[in-house]
Amino acid sequence: MPVSQEAVLEVERVTKRFGEVVAVHEVSFSARRGAILGLLGPNGAGKTTTLRMIMGIFDPDEGEIQFSLNGTTGRLDKERIGYLPEERGLYADAKVLETLVYLAELKGLDHGEAGRRARGWLTRLDLGAWSDRKIESLSKGMEQKVQFAAAILHEPDLVVLDEPFSGVDPVHQDLIKDVIRDLRERGTAVVLSSHMMNQVEELTDEIVLVDHGAAVLSGSLDAIKEAHGTHTVRLRFAGDRAALERDLRIEGLAIDGDRATFRLPKGTTPDSFVRGLPEGIIVREISVTRPPLHDIFVQTVEGGRR
Amino acid sequence: MKLGKVVAWEFRRAARNKQFILMTVLLPGIIGLAGGGVALFGGAADGAARTPAGPPPPFLVPMIFAMILFIGAFLNGTMTLYGVVKEKANRVVEIVLSSISSRELMAGKILGQGLAGLIQVVLWGAVAAAVISALLPGLSWHLTPVQWVSYPLYFALGYLLISALFATIGAGMKDVQSSGAQFLVGMIPYVPMMFVAGIIQQPNATWIRLASFFPPFTPGMMMIRVSIAPIPWWEVAGTILVLGLFDLLFIRVAARAFETAMLMYGKNATLRELWRWGVRRRR
């Protein structure tokens, strides 16, 4: 589904200080219907503080946060937004199903509808058998799935997920990723944060990379990779190895037997490189890839500090 | 109405708590058994000696109910405080506050837990009343209209006040083990109990009349004063009004303090910080 241009959330140059520490510095982005925005960066970069400002838990010191939910522009409409906080827990003494029903009712669903949807989600998240158990009897991963369900049960227009994959095993990570993709299909705007960039880059449409409270890179994943990534080529070949060494279009060549690894400098597209392969080289295997987001991040941050 | 949902939820959780059920049933059971025992055996032994003591003093019944109020309110306040601390410690607070305001949450906790506590207290009161009338057959249960109206109001509002005070203290605590000087704030309403003798002797002394308008003292002082002497109607109405307003104010203070304190894991808030968070204006 094409990304619609309708912005549900606009974050404009928000800054938040805690005493002397600037936790977030002039960060801007917007979340659109049917798109997943990844707020990525290392621990302590200001991701959670930014999300808490969106949720109205903190007020920004500077800048503005605007919502367009339910046809109205302006302040946060708590019924149209779903939130999975980083610091999360549930009432240990309450049962799984009744907890979900309660939280959904607080989002404005009536009791019957809340119950129907809660049962549906518990089944989809493999928790159907746990409906009448107490929260305290769940494992941490299971509890996390219940919290995730609570954030999306009421079919909000905007879902804010703070580190949704931390503490979840790989199988359930995939399950949650599937659900997030479904949300996008349905036209929900999703904002998620993660410090595991490589884990979520495939999921996101747009990215804001933050470091020390400031956005260092932002845009669509493709555009960022296009602008910052040089391509890495891995080649198995036969024939004239000297021809490869003479090729001026490549950088950082390393040859190990019949395997060669090198980079394409900026401006050289994979297409032009492949078409212009030197004579005398017989290609057995070839892969041309862009570096993972994590490497781009490290390059950018280190470049900026130099 | 979302507040209603929060109240119902907190009430259900409070009433299902095993400790709570035990306290509710066990205490009146003990009182009932002990009272019954005294009435049966003690009464038979010195029944003759007791009658000449004359009619019991008029303040006895309100004293006993004030005691029940304060014991019940203390237990309930402690439960509310633990509920608030647990809410922070469980990290459930950020999820809940993404749907409702901290004020709805705090008011819901105080009212929901309080409702469960009131049922407990009414049960205790009924048992106590039965035991008293069995032990003191000559006791008059006649109440004046002012007493009929004012007792339940002082009781309920005093109860709410103590809950709100404890909830505010809970908002600043990092876990259930830690408590210090903050706890003493919750004890302020108990201070009039120390002056019971003075209040009984001079229920309309100026300092007592003035102190009755200090909301934390109002329930303790007024329940006793109303029962032993005629009090001007405007004083009764005035103290009830001030107490009611103070209750509303303190639920607000509890909510504000909670809102600020909820993201401070790790550290106990000082009284000064609690006060500042409680009364500051939101930008």
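One can find the structure itself at the top, above this paragraph.
About the thresholds
- Residues numbered from 1 in each chain as written.
- Chains lettered and ligands numbered in written order.
- Predicted model: local features only at pLDDT ≥ 70, side-chain atom pairs only at ≥ 80, totals over all residues.
- Helix = DSSP H or I, 4+ residues; strand = E, 2+ residues; numbered from the N terminus.
- Buried ≥ 20, exposed ≤ 12 C-beta atoms within 10 Å, placed from the backbone.
- Contact = placed C-beta atoms within 7 Å.
- Pairing = 2+ DSSP bridges.
- Axes fitted to C-alpha atoms, helices over the stretch in contact; angles between N-to-C directions.

Draft legend 1. Layout of the overall build of chain A. Broken down by element type, chain A carries 10 helices and 14 strands. Projected onto the principal axes, the alpha-carbon positions of chain A cover approximately 75 × 45 × 35 Å. For chain A, with 306 residues in total, the buried portion stands at 38%. Contacts spanning at least 24 positions in sequence make up 70% of the contacts within chain A whose residues lie at least 6 apart.

Draft legend 2. Here's a closer look at the pairing of strand 8 (residues 189-194) of chain A. Residue and element names in this part refer to chain A. Of all 6 residues in strand 8, 6 are buried, a share of seventy percent or more. Taking every second residue as pointing to the same face, both faces of strand 8 are buried, with Ala189, Val191 and Ser193 on one and Val190, Leu192 and Ser194 on the other. Here strand 7 (residues 158-162) pairs with strand 8 via 5 bridges, running parallel. The residue bridging Leu161 from the neighbouring strand is Leu192, located in strand 8.

Draft legend 3. Fine view of the pairing of strand 6 (residues 81-84) of chain A. Residues and elements named next belong to chain A. Alternating positions in strand 6 separate into two faces, Ile81 and Tyr83 on one and Gly82 and Leu84 on the other, with burial throughout. The sheet contact formed by strand 6 and strand 7 spans 4 bridges and is parallel. The residue bridging Ile81 from the neighbouring strand is Leu158, located in strand 7.

Draft legend 4. Examining the sheet that holds strand 13 (residues 259-263) of chain A more closely. Residues and elements named next belong to chain A. With antiparallel pairing, the 4 strands of this open sheet are ordered in space as 12-13-11-14. Every other strand in the sheet has two partners, leaving strand 12 (251-256) and strand 14 (281-289) as the edge strands with one partner each. Across the sheet, the mean angle from the axis of one strand to that of its neighbour is 20°, orientation sign disregarded. Relative to strand 13, strand 11 (residues 232-239) runs antiparallel, the two sharing 5 bridges. When the bridges of strand 13 are listed, Arg236 appears paired with Arg259.

Draft legend 5. View of the environment of Gly34(A). When you line up the elements, Gly34(A) lands in the loop between strand 2 (21-32) and strand 3 (36-40). In sequence terms Gly34(A) and Val160(A) are 126 residues apart; their C-alpha atoms lie 14 Å from each other.

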